[in-house]
Structures are given as structure tokens and as C-alpha cells.
Number of protein chains: 2
Amino acid sequence: MEIAVIGVGHTEFGELWTQSLLDLIARAQLEALADAGLEPGQIDEIFVANMCAPQLLGQAHLGALAADVLGINSPAFTIEAACASGSFAVRSGIRAILSGESTVVMVTGAEKLMDASIEQVATSFMSASTRDVEHSKGATFPSLFALVARLYLEKYKITREQYAQVSIKNHHHGKQNPLAHFQRDITLEDFANAPMVADPLTLLDCSPISDGAACIILSTVKFAKSLGRPYVSIIACEAAVDCVNIADRASLIDLKATTLAADKAFARANLKHSDIDVLEVHDAFSPAELMVLESLGFFKPGQAAGATMDGVTTTTGSLPVNLSGGLKAKGHPVGATGIAQIVELTKQLRGQAFGRQLKDPRYALAHNMGGIGTSVVVTILAQLS
Amino acid sequence: MEIAVIGVGHTEFGELWTQSLLDLIARAQLEALADAGLEPGQIDEIFVANMCAPQLLGQAHLGALAADVLGINSPAFTIEAACASGSFAVRSGIRAILSGESTVVMVTGAEKLMDASIEQVATSFMSASTRDVEHSKGATFPSLFALVARLYLEKYKITREQYAQVSIKNHHHGKQNPLAHFQRDITLEDFANAPMVADPLTLLDCSPISDGAACIILSTVKFAKSLGRPYVSIIACEAAVDCVNIADRASLIDLKATTLAADKAFARANLKHSDIDVLEVHDAFSPAELMVLESLGFFKPGQAAGATMDGVTTTTGSLPVNLSGGLKAKGHPVGATGIAQIVELTKQLRGQAFGRQLKDPRYALAHNMGGIGTSVVVTILAQLS
């Protein structure tokens, strides 16, 4: 399988008080079209990722609206899989091309959270969990993940200093990303003063609530070559799901869906872990990055924390992770997140990541998950030209 | 293109007070598996259609939940395109198989509306329109469609008696469908006494608010043949969208997306209108069936009403439409509707439609639309064995 990413668009992420959801969708889509050198009429289909607009804005039917802002009649619909919505939309776009039925597709993700209260946003996020079992007992997402994180941290004797380093690193990376929600460093001293959200997670362990949109345009390699512009390739995009209610799982700390999706993706791409030069992974909470890297197979269980302390996952380390700033510093506008990961890795593979650019990366991996590791997509990109 | 429908499931539609959304999803899925003679572990992916659960039940992430009730880890996500959600899910399932990446996929649609108030349901439905322009001015879906219907009825001088005949016919068909929300006749006298909802639409011109679920299992023809069971084929599934805000359209009464999708579907299937033996179309409001039949190209503009009065669209007519009872009598659990159409036509083509069975139908067409004709999918099925 080889699908070309021929255009990318990405608004700033953050508290975007003066822009509506449709403003953000339009901006990301127009930027991606300009990047690809295409006109709206060349888009065969649009796949839109969003989680919260129906609940928070009373606005569903975003597929048709995303086509509407471009003035086209191409098929379009909305995809939702909690925080993994954007990645399932990418997967759907890939399938449309592989099916032979479309040549150029647009995948757009957007979220507008600032127009609602924090209570409404927290309630909306909990709709990704089980309403009857978990939400009805008063659980919030940080509280559910805190249960998982505590078990994990205690089992592997991971210290506060160690998992705080995930957020510290990602904030440091975010300083090099002009589109990131936070572009400043945080310190261990900040952690000491940070309010507790759900023990062991403080405010600085949690990704922020952000507005934003991202868009990619996909096509066949043949069409990409005909454009005579740089493109990168997606060579695997695999998915799996796990029980939604975490109490139903055999293990709380093995991210089963992550491992299943990663195994399928590496098999599809015919690559080894050592081939991957750069990663974007789902760090909604700082211990999540450690758990995800282990479940993906990059470290043995309990080993990611030490590697993070050693700088392995920084810009200058052997396995750079979340150079965009990750969800923690780049921000987490839910529907946009999975698509933003592909935008970031496309820029890296094109050599356009500015202050965070690596030297000649060839293979990149994106991991995104919705719920407590419930719905997972692993995508592998390559610079093959 | 040829994709096989190898299993179907369909709960009763109606006011299902004692069943939850997940109960309905599980029942439809298990019935489809039994119909196909498959085990859950044989399902490569699930595509779930739903519109209102996030807003009305606080439950998103239905893809993972639908996999969860089967105890499988296969990729799954939710698809939303207002009332066309189910049809876009069918289209996504088809693409997964055409891509060569999956062999057996499940497409499930479900809606649970009775657990919310009628005001909440009406508000949720309006999220399919434009929040900023239409909903914020107080429009409801019947009021928006009433604007369109009045223009259409006046232009072609269609009488009350004529468009009432759509509902009368569909209720008569529904009497033969044991899964229909309404299984009783209505009369012109009932129309005279029906409360006005939005002039010219009375209560009996509007499809009901229903709970229900439907499920189909799709596969390659090769796999279908290996099962040694009856199957039918999908030979086209095409889509288009129109402006969401109806005030932006060049014409209010030309259902542009319907015409675009139909033209593509007939071209893809390489069929003429006269080849089609039976149709299921989106009759959310009784004039809609007339407008849709004309926009699909089965009648010239303004001619469908006379044909309906002449009995052309009944079980014994030359173009039977909505033998299931249509949205009006079968019911309209939004996410399930597009999939239920495919279930109905599969039963017809298999010769299993009992009291409403036609003699040896060969080609069938399903039309579904979300919004005021905004998001449209036209699917053509065939009995080729």
C-alpha cells in the first residue's frame, strides 16, 4: 500500500475566541489546497473528523458543511471515534483511494471547545466512555486515566520526576512549533506547585482544551507525481479497538488495542521498530506517552520512563517523540488531533519542520487513541522519493 | 463493482421503551450474524451509523461499543451525515472491501430517541441544519421542509388529496411489515382531522420519531459464494451533497444532490430507470417522496403526484415505492434508516418479503437523504444469481 499526502493545512491550536468551527475548517482546508496546488473542484470526497460539535455547539452534519465552505457537491460525512476521530478519518480517506473510486480526497478535522463551559466540555469528553457504567458514577476522563496511571506507575516504580519529564520535554518541543497552544518551557518546580486534578495527575500532566483544525489531501502516487511537487507516502494505517468500559479489561495497563494496531502496521509496512526515525503519539496525560511507547513495542514494559530521563525521546535523542509538542503542548482539539499528527510528520519528512527539523528522517509513525486506549490507529509514513 | 450482502438484521421499529441503544445494536448485529452463518470473530471491521446518541444520551464512541458487544477488537467507528448516516456507513463498508483490506464487514445503524423529550429530539434533529443561520432563527425541520413543500406543491398545482396519498399508500404497505412502527391504514378523513405541524404538513405527513436498529454484513462475491447461502449484490453506491443552508441554493425544489447521486449510480450500474423493479426512498415528509422520485429521474417534474394517485407506486403498480412502509409507516430511527432500506431490498431480492413480496424483482434502488435533501446516497442492488 502506498498513498500520497500531497497537501497539508493546520491552523494555530489554542483558545481561538474569534473564530468559529467553520472558520477553522475553511482555513485548514484552503491552506491544504494551496499547499497541494489544487482547486476545490478537484476534491472527490471529504472526510470530516469531529467529536464534540453536536453536543457543545448543536451542530452536526459537518461533512456537508465542510463541502459547503468550498462550494463543492462532493460526498462528505463526519467520523467520530472519540480522540481517535481524526485518525479513523485518515484511514477512511485512504480506503476511498485504494478502492479505486476516488483519486483526490480531503481529510479535515476540527474542534471548537472554547464556546462551551469547562463542565460542558468535560461532560462531552465523557461521552467517549460508557454512559451507563462509568459516567453515571461520576467519573471524568482524568479520574479514569488516573486509576490506570497509578497502577502503571506503582508496578514499575516510576517516580514523579520521571513522568513529569514527558510534559517538560513536550513543552520544550512545543517552543519550536509556532502553531502550538503552549510555546513555553515548564519546570519541575512548576509541577511542585501545580494543582492536583486526579491523583497522580496534576494540571501539568494533562493536555489542554484547545480549538483548532487540520487538513490533509491524499491521492494516488501517480497523481502526486503528476503534480511535480514534494509528497510523502502513507504505507500503513491500521486500527483496533478494546473494551470501552475499562473494568471489562483483562489488564488495565496493557494497551491492547495499541499493540494490536502497531503489530498490524509494522507487518503491513514490512518495517522494524528500529526503522522509525520520529513519532507522534497520544500523550493526553503524561504517563500515557510512556505506556503507549511500551505498548507500541519501542521499549520493554517499565523502560520508557528511564529512556525519557536519558533524553532518548528528544529532538537530539535516538527516538524523537512528539516534536510538535504533542497533545500536551501543541494542544488537543479532539477531532483535529489525529490529522495534525500526519501534518506534523509530513512536514518532518519534507524537511519543513523548521526549528524542530530532524536530519533526513525516512520513516515516521503516528499513534492516536480514543477513550482510555480504546480506539487506536497506527499510521506509518515514509519519504520514498 | 459488485459487493455481496450476505446477512441482514433488523429490530422492530417503534417506541421501544424497554430496550437501550446497545440492546438494539446487539440484537441487529446478532441477527445479521445468524443470517449470514458467521461468528463475531469473522468480522474484519464495523461501521456504525448514528446521529443523536451523543446529544440525547451523552453517549459517543459507538463504534468501539458495537465491537464491544460482540467481544471483538476489530476496527470500528461512528459515521454521521444526519438522516443519511446509515447510507454513508454502507458506502464506507463497501470501500473497505473494494480497497482489498477487508473481506467481511458489518454495517450497523441505530437510534434511541424515546429516552429524550420531544423538544430535545427536535433540537437534536436541527443540528443537521445550520446552527447559526436556520436553527438560531427558530426553524425546525418540519418548518424548513414546509417552505420547500409549499413552493413545490404550488408550482405543480398538487392537491392535498394527492400528496396525502403518499402517506396513505405507505401506511397500507406498512401493514405488511411486521417490523414497522405503524401497521395500520390511514384515510383521507384522518388527514382532515390531523393537527397541522407546519403548513402544508400535518402530523400525518411527517414520519414518526422511532427507536430501532438495522445491520447488514457485506463481503466479496467470492466469499459470499463460499458460504453457499443466498446473497444479493450492491452494484452502485454513489453520493453527493448540497448546500446545508437552504437559502444558499439556486433552487429550493430541485433536489440537486439527489439528481447528482442518481446519475452517478445509474452510470456506475450501467442501468436505465426502467430496469429498476422496486425502490425505497426517503419520505420523511409526504411531499418528499414525490420530489425525490422526480429528482431521481423516475418522473418528469410535477408528474409523480398523478402517478401516485394512479397506483403506480403501490405493490401492484409498475414502480413499487416504499413497500416497507417507508419512513412514514416503517419508522425513522435516524441512524438505522439507510441500513434498513438495504435490509428491506435484500429481503425483496431474496424473495423473503412475505406479504409485500414482488414477483422475481431483479434490480432495486435505495435513496436516502440527510437535511433538506443535503447529503444523499443512492444505492442500486441486484439479484444476479
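All figures in this text were calculated on a predicted structure; none of them were measured in a lab. (Residues numbered from 1 in each chain as written. Chains lettered and ligands numbered in written order. Predicted model: local features only at pLDDT ≥ 70, side-chain atom pairs only at ≥ 80, totals over all residues.)

Asks: An account of helix H7 (residues 160–174) of chain B is requested, with residue identities and associated values reported.
Replies: Residue and element names in this part refer to chain B. For H7, spanning 15 residues, the distance from its first C-alpha to its last is 21 Å, which sits close to the expected 21 Å at 1.5 Å a residue. Counting buried positions along H7 gives eleven out of 15 residues, so the element sits mostly inside the fold. For H7, the full list of buried residues reads Tyr163, Ala164, Gln165, Val166, Ser167, Ile168, Lys169, Asn170, His171, His173 and Gly174. On its buried side, H7 packs onto helix H6 (141–155), helix H8 (188–193), helix H11 (286–295), helix H12 (304–309) and helix H13 (326–330). (Helix = DSSP H or I, 4+ residues; strand = E, 2+ residues; numbered from the N terminus. Expected span 1.5 Å × (residues − 1). Buried ≥ 20, exposed ≤ 12 C-beta atoms within 10 Å, placed from the backbone. Contact = placed C-beta atoms within 7 Å.)

Asks: Summarise the nonpolar core; cite the residues concerned and give the values.
Replies: Ranked by internal contacts, the top residues of the largest apolar core, which has 286 residues, are Ile216 and Ile339 of chain A together with Ile216 and Ile339 of chain B. Discounting residues that sit within four places of it in the chain, isoleucine 339 of chain A has contacts with Ala49, Gly86, Ala89, Val90, Val107, Gly109, Ala214, Cys215 and Ile216 of chain A. (Core = buried A, V, L, I, M, F, W, Y, C linked by C-beta atoms within 7 Å.)

Asks: I'd like a rundown of the pairing of strand S7 (residues 212–219) of chain A, residues and numbers included.
Replies: Residue and element names in this part refer to chain A. Among the eight residues that make up S7, eight are buried, leaving the element largely enclosed by the rest of the structure. Neither face of S7 is left uncovered, since the one carrying Gly212, Ala214, Ile216 and Leu218 and the one carrying Ala213, Cys215, Ile217 and Ser219 both have all their residues buried. Bridging between strand S1 (residues 3–10) and S7 involves six bridges; their strand directions are antiparallel. By the bridge assignment for S7, alanine 4 is matched with serine 219. The pairing of strand S4 (residues 104–111) with S7 spans eight bridges and is classified as antiparallel. The residue bridging valine 105 from the neighbouring strand is leucine 218, located in S7. (Pairing = 2+ DSSP bridges.)

Asks: Residues and numbers for the pairing of strand S11 (residues 375–382) of chain B, please.
Replies: Residues and elements named next belong to chain B. In terms of burial, S11 is largely enclosed, as eight of its eight residues are buried. Bridging between strand S8 (residues 232–241) and S11 involves eight bridges; their strand directions are antiparallel. If you follow serine 233 over to S11, its bridge partner there is alanine 382. For strand S10 (residues 363–370) and S11, the ladder comprises eight bridges, and the chain directions are antiparallel.

Asks: Run through the interface of chain A and chain B, naming residues and quoting values.
Replies: In many analyses, interface size is given as the accessible surface area lost on bringing the parts together. Listed per partner, the contact involves 48 residues of chain A and 47 residues of chain B. A breakdown of the residues in the side of chain A that touches chain B according to their chemical character gives 24 nonpolar, 18 polar and six charged. Across three bridges, the pairing between strand S3 (residues 76–80) of chain A and strand S3 (residues 76–80) of chain B is antiparallel. By the bridge assignment, isoleucine 79 of chain A is partnered in S3 of chain B with isoleucine 79 of chain B. (Nonpolar A, V, L, I, M, F, W, Y, C, P; charged D, E, K, R; others polar.)

Asks: Before we move on, could you go through the relation of the copies chain A and chain B and cite the residues and values that matter?
Replies: Its rotation angle being 180°, the transformation that places chain A on chain B also includes 0.0 Å of axial translation and leaves an RMSD of 0.0 Å. Given the turn and translation reported, the copies of this chain are related as if by a two-fold rotation axis. Of the C-alpha atoms belonging to chain A, the one lying closest to the rotation axis is found on serine 99 of chain A, 2.0 Å away. Looking at the interface residues of chain A, 98% of them are also at the interface in chain B, so both copies use one shared face. (Least-squares fit on C-alpha atoms with pLDDT ≥ 70 in both.)

Asks: Account for unusual backbone geometry, naming residues and giving values.
Replies: In this structure, proline 200 of chain A follows aspartate 199 of chain A across a cis peptide bond, with omega equal to 10°. Here proline 200 of chain A shows up in the loop between strand S5 (196–198) and strand S6 (201–202). Unusually for a residue other than glycine, lysine 157 of chain B sits at a positive phi of about 50°. Non-glycine residue asparagine 322 of chain B carries a positive phi angle of around 60°. Within the secondary structure layout, asparagine 322 of chain B lies in the loop between H12 and H13.

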